[in-house]
Amino acid sequence: MKRKVYIETSVISYLTARISRDLIVAGHQRMTQEWWVTRREVFDVSVSQVVFEEASAGDPEAARERLAVLAALPLLELSTEAVALAKDLIRLGPLPERAEVDALHIAVAVTNQVDYLLTWNCTHLANAALRHQIDHVCRAQGYEPIIICTSEELLED
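Asks: Account for the packing of aromatic side chains, naming residues and giving values.
Replies: On inspection of all chains with the given rule, the structure shows 4 aromatic pairs. Aromatic pair tyrosine 14 and tryptophan 120: ring centres 5.9 Å apart, planes at 25°, arrangement stacked. Of this pair, tyrosine 14 sits in helix H1 (residues 9-16) while tryptophan 120 sits in the loop between strand E4 (116-118) and helix H7 (128-140), and the two are 106 residues apart along the sequence. Between the aromatic rings of phenylalanine 43 and tyrosine 116, the centroid separation amounts to 6.0 Å while the plane-to-plane angle is 85°, which identifies the pairing as edge-to-face. Here phenylalanine 43, found in the loop between helix H2 (23-38) and strand E2 (44-48), pairs with tyrosine 116, found in strand E4; they are 73 residues apart in sequence, far enough to count as distant. Residue phenylalanine 43 is classed as buried on the basis of its relative accessible area, which comes to 8%. A relative accessible area of 11% places tyrosine 116 in the buried class.

Asks: Just give me the short version of the packing of H1 against helix H4 (residues 60-70), but keep the residues and values in it.
Replies: In a pair of packed helices, the angle between the axes and the distance between the axes together describe the arrangement. At a minimum axis separation of 9 Å, H1 and H4 run at an interaxial angle of 115°. With respect to each other, H1 and H4 are oriented roughly perpendicular. In this structure, H1 crosses over H4, and the sense of that crossing is right-handed. Every residue of H4 that contacts H1 at Ile12, Ser13, Leu15 and Thr16 is listed here: Glu65, Arg66, Val69 and Leu70.

What counts, and at which threshold
By convention here, each chain's residues receive numbers from 1 onward along its written sequence. Residues qualify for local features only when their pLDDT is at least 70, as the model is predicted, and side-chain atom pairs are given and counted only at 80 or more; totals for whole chains, interfaces and linings, by contrast, use all residues. Excluding hydrogens and water, the side-chain values take into account all heavy atoms of the structure. Pairing of aromatic side chains here covers Phe, Tyr and the six-membered ring of Trp, requires ring centres within 6.5 Å, and sorts the geometry by plane angle: under 30 degrees stacked, over 60 edge-to-face, intermediate tilted. The helix count covers DSSP runs of H or I at least four residues long, the strand count covers runs of E at least two residues long, and both are numbered beginning at the N terminus. Any residue under 20% of the maximum accessible area for its type is buried, any over 50% is exposed, and the rest in between are partly exposed; the area is computed with a 1.4 Å probe on protein chains only. Between the N-to-C directions of two axes lies an angle of 0 to 180 degrees, each axis being a line fitted to C-alpha atoms and, for a helix, fitted only over the stretch in contact. Note on angle classes: values under 35 degrees are labelled roughly parallel, values over 145 roughly antiparallel, values of 65 to 115 roughly perpendicular, and the remainder oblique. Left-handed is the label given to a crossing in which the near helix is rotated counterclockwise from the far helix by less than a right angle, and right-handed is the label when the rotation is clockwise. The criterion used for residue contact is that any of the two residues' heavy atoms lie within 4.5 Å.

This is how it looks when you write it as structure tokens:
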């Protein structure tokens, strides 16, 4: 059985954007493109309506490109349980109020029993300093935590 991966908006943005002049961002973009081409088929990949909403924002042409990639991916449910867990991730402290959308990404992935949340958001998502607290809140609410990681971390078998 394939492992499940929830793709957060930053991955789609890195996949479709022009290669950045910033060398670190460009490296992340290349890793994302490599993962998409060589590893995506190994996983059951999905997104949520939250990703569609974020991907729709900004430059219209860039948004069209992001939405074209997303159109082929199945949607996970944004349930009342996910909304409640997202609120707990903020209320109980690991994430600040301004990270409501990030909390929703985690909560959708957790409540849909996904194995990995793939992201380049290292401020609130792929952040080792927050990891223990995020896992604690998920377990306290009766959910098994997920692995939050970057494309680079899922390039290998």
